[in-house]
Amino acid sequence: MCASRMALALGFLFALQAFTPAPAHAAGPDVAYGEELFRKCRQCHTIGTAARHGTGPALNGIIGMKAGSQTAYRYSPAMKRAGASGVIWTAKTLQRYLKAPAAMVRGTKMRFAGLKDEADRADLIAYLARFDAKGQVRK
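### Considering the nonpolar core
Formed by 26 residues in total, the largest nonpolar core has its most connected members in Phe38, Met79, Trp89, Leu124 and Leu128. When contributions to this core are tallied by element, the ones reaching two or more residues are α2 (31-41), α3 (77-84), α4 (91-99) and α6 (118-129). The dominant element in this core, judged by the number of residues it contributes, is α6, at four residues. Among all residues touching Leu124, those that are not within four sequence positions of it are Gly34, Leu37, Phe38, Cys41, Leu98 and Leu115.

Have a look at this one:
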């Protein structure tokens, strides 16, 4: 292939790349995918207007909540200590916790290996953040 054809082909590839859509996460968290990921969590947790504590606590209003603070749920001593030491569930702390729960809160009752993909965790957190303390979807 001559140099001019090679240059033309490379130019075409670069131009094509410019029109390729960005990955879904480049635009921010995907709440719909976060809802899909939450299906794994439903074994122990609920969210929404009909949410009730089960094996794990209901997660309504989790963003901004102090760890281990819902009075109607029996948390592990480790989770109560986390709250007493100042852990507040924010996107940042949930990113860390959902990556490896037992590593962040040693002795937690939560038997979940974690979500290894940071974008998946962001999607799940975006889904959780939609719900206020009463389980209503924030507008």
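Still more ground to cover, so stick around.
### Side note on the packing of α4 against α6
Remark: α4 packs on α6, axes separated minimally by 10 Å, with the N-to-C direction vectors making an angle of 125 degrees. As far as their axial angle goes, α6 and α4 are oblique. Judged by the sense of rotation from one axis to the other, the crossing of α4 with α6 is right-handed. Between α4 and α6, the contacting residues are Ala91, Leu94, Gln95, Leu98 and Lys99 on the first element and Glu118, Arg121, Ala122, Leu124 and Ile125 on the second. Here the residues of the contact of α4 with α6 are counted per class, giving six nonpolar, one polar and three charged.

### Re the packing of α2 against α6
Put simply, α2 and α6 touch, their axes get as near as 7 Å, and they point 90 degrees apart. Taken together, the axis directions place α2 and α6 in an arrangement best described as roughly perpendicular. Judged by residue contacts, Val31, Tyr33, Gly34, Glu35, Leu37, Phe38 and Cys41 of α2 engage Asp120, Asp123, Leu124, Ala126, Tyr127 and Leu128 from α6. Of the residues in the contact of α2 with α6, the class split is nine nonpolar, one polar and three charged.

### Quick notes on the side chain of Thr108
Tracing the backbone through its elements, the reader meets Thr108 in the loop between α5 (101-104) and α6. Overall, Thr108 belongs to the buried group, its relative accessible area being 3%. Engagement of the side chain of Thr108 in a polar contact is seen with the side chain of Tyr97, the distance being 3.2 Å. The contacts of Thr108, once residues within four sequence positions are left out, are Ser76, Ala78, Met79, Tyr97, Pro101 and Ala102.

### Remarks on the confidence of the model for the chain
Residues of the chain with pLDDT of at least 70 account for 81%, and the chain-wide mean is 87. Of the regions scoring below 50 in pLDDT, residues 6-24 engages in one contact with residues more than four places distant in sequence or in other chains.

Each value, and the rule that gives it
- Residues numbered from 1 in each chain as written.
- Predicted model: local features only at pLDDT ≥ 70, side-chain atom pairs only at ≥ 80, totals over all residues.
- Heavy atoms only, no water.
- Core = buried A, V, L, I, M, F, W, Y, C linked by side-chain atoms within 4.5 Å.
- Buried < 20%, exposed > 50% of the residue type's maximum accessible area, 1.4 Å probe, protein only.
- Helix = DSSP H or I, 4+ residues; strand = E, 2+ residues; numbered from the N terminus.
- Contact = heavy atoms within 4.5 Å.
- Axes fitted to C-alpha atoms, helices over the stretch in contact; angles between N-to-C directions.
- Parallel < 35°, antiparallel > 145°, perpendicular 65-115°, else oblique.
- Left-handed = near helix turned anticlockwise from the far one by under 90°.
- Nonpolar A, V, L, I, M, F, W, Y, C, P; charged D, E, K, R; others polar.
- Polar contact = N/O pair within 3.5 Å; in protein donor to acceptor, adjacent residues only side chain to side chain.
- pLDDT = per-residue confidence, 0-100.

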